[in-house]
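# Notes for the structure review
What follows is each chain in one-letter form.
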Amino acid sequence: MNEQGPHCFTLTGRWLFPISAPPLARGTITVQGTRIQEVEPAGSRTPDIDLGNVAILPGLVNAHTHLDLSGMRGRCPPGPDFTDWLRAVVRHRRGLSPEQIEADIAAGLAESISHGTSLLGDISGLGWSARTLAAASLRSVVFYELLGLPEERGRQAFEAARAWLASTRSDARSRLGLSPHAPYSVGRSLLRAVADRAHQSSLPVAMHVAESLAELELLGHRRGLFVPFLRELGVWEPRELIDSIEAVTRCLAGSSPVLFVHGNYFDPAMDIPTNGTVVYCPRTHAAFGHGPHPFRELLARGIRVALGTDSLASNPDLDVLTEARFLHERYPAVPGSILLRMATLSGAEALGWADETGSLSVGKSADLVVVPLPDEDVPDPYALLLTSSSSARAVLWCGQWVQGVGRGPLGGSSPPRAS
Ligand SMILES: [Zn+2]
């Protein structure tokens, strides 16, 4: 044990990825209690634990998911008609008991932690996941989901959200936010009310936006696949429809963090307010067969882009590192350093938690994930990490092992060796 005390230990492995600095070959990280005490190059300090052929990176940040849809894995594969998929989700939700919702949230949470997630942006029907996440071994923002295109429905949804905010505690690991669902399900009055409340109370906001061509057709022309869908649900009220995607981004401009989820059909040149982040969910995007996502153009303009998995209703798992690996394969010209930042620090910045987590930086929470590396000699450490397909992870959160190393064998197929 390190001479600095019983709660102090130093780890090393083949590559350390601080994210806030370039990768360190055989770098060391020293943990004191719940915090990162030092991040140093090889040779500065004798490690207590040598994890061998592994990457050590900050805990992953999943900027967008819906834990309460975790029971839908593989049950309604995304297809070309987005509204058909939405119908399946609505049917599923209406059939769930409170006990099933609780169980699905718990299952999604356990899966998230097993992949090494240390921060989660969870959109939650009725804010249901707040209680579970307040006791979880990760940090989170729980976004209360609001739906209401007709004005009266919007008013009811907003009152329910206000009551939830008043009765639910934000604490050291779980904060509260609001999620006006999407431009096809939220009227202009509700969006305005949410934006005002977020501004007054410095609440983060997450909203699905520019997700499908059908959504653009609805806003631009008041027609297309969404019209029969909204009629079926008894919520078709064209007077309340928001005018355009730009009207959404303008309305949410301000000082609170705003996550524009998907942005699949954002004009790459459009104005994105400085408090906004685009959250790209690569495998879900691909599963729906959308055209190329504008993330490279947005990044080139200095706009923050973070990664999310979306829910198990549209994605095979909740692993953000697999999203980054998927992008590395599809877009090999995008530097690995950018992809890994999107899976960690950019998400922490987007969710307003970057002072605590998202990088291996002195003073931040000791949140990290250990990923086995292939036995290959590859000069680019990012390529080594992103081309590997290993799902094994050891996970340290707030200085405590929640999976692997100090808690025994890892999940997955090729555990790193401790020496
Ligand atoms: Zn979503």
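So, here is what we can say about the structure in this document. Here the structure is a predicted model, which means the values were calculated and not measured.

## Looking at the pairing of strand E5 (residues 35–40)
As judged from the five bridges shared by strand E4 (residues 28–32) and E5, these two strands associate in the antiparallel manner. Bridging from a neighbouring strand, Thr 30 pairs with Glu 38 of E5. Linking two consecutive strands that pair antiparallel, namely E4 and E5, is a turn of two residues; a positive phi of about 65° is found at Gly 33 within it.

## As for the coordination of the zinc ion
Those protein atoms acting as donors to the zinc ion are His 64 (NE2), His 66 (NE2), His 208 (NE2) and Asp 310 (OD), and they sit at 2.1 to 2.7 Å. Considering all four donor atoms around the zinc ion, angles at the metal cover 86 to 168° and the coordination shape is irregular. Read in sequence order, the donor residues for the zinc ion give the motif H-x1-H-x141-H-x101-D. Taken as a pair, His 64 in strand E8 (residues 60–65) and Asp 310 in the loop between strand E15 (305–307) and helix H11 (320–330) lie far apart in primary sequence, 246 residues in all. Neither residue differs from the other here; His 64 and Asp 310 are each classed as buried.

## Structural notes on the sheet that holds strand E1 (residues 8–12)
The strand order E5-E4-E1-E6 describes an open sheet built from four strands, whose pairing is mixed. Each of the sheet's edge strands pairs with one partner strand only, and the pair in question is E5 and strand E6 (49–50).

## Details of unusual backbone geometry
Its identity is not glycine, yet Asp 310 carries a phi of approximately 60°, on the positive side. The residue Cys 398 is not glycine, and still its phi comes out positive at about 50°. Its place among the elements puts Cys 398 in the loop between strand E17 (394–397) and strand E18 (400–403). Assessed through its relative accessible area of 17%, Cys 398 is described here as buried.

## Thoughts on helix H4 (residues 151–167)
A rise of 1.5 Å per residue sets the reference length of H4, with its 17 residues, at 24 Å; its end C-alpha atoms lie 25 Å apart and thus fit the reference within 8%. Those residues of H4 not exposed but buried are Gly 154, Ala 157, Phe 158, Ala 161, Trp 164 and Leu 165. Along the axis of H4, the buried residues cluster in a sector spanning 120°; they form a single face. Those residues of H4 that are exposed and aimed more than 90 degrees away from the buried face are Ala 166 and Ser 167. Residues of H4 that are buried in the fold lie against helix H3 (130–133), strand E10 (139–146), strand E11 (174–180) and helix H5 (188–201).

## Notes on the sheet that holds E18
Spatially, six strands are ordered E3-E2-E7-E16-E17-E18 in an open sheet, and the strand pairing comes out mixed. Since the sheet does not close on itself, it has two edges, and those belong to strand E3 (24–25) and E18, each with one partner. Where E17 lies against E18, three bridges are found, and the strand directions are antiparallel. Residue pairing for E18: Leu 396 is matched across the bridge by Trp 401.

The rules we used
Residues numbered from 1 in each chain as written. Predicted model: local features only at pLDDT ≥ 70, side-chain atom pairs only at ≥ 80, totals over all residues. Heavy atoms only, no water. Pairing = 2+ DSSP bridges. Helix = DSSP H or I, 4+ residues; strand = E, 2+ residues; numbered from the N terminus. Donors = N, O, S within 2.8 Å, 3.2 Å for Na, K, Ca; no water. Tetrahedral: all angles 85-135°; square planar, octahedral: opposite > 155°, others 65-115°. Buried < 20%, exposed > 50% of the residue type's maximum accessible area, 1.4 Å probe, protein only. Expected span 1.5 Å × (residues − 1). Arc of directions from axis to C-beta. Contact = heavy atoms within 4.5 Å.

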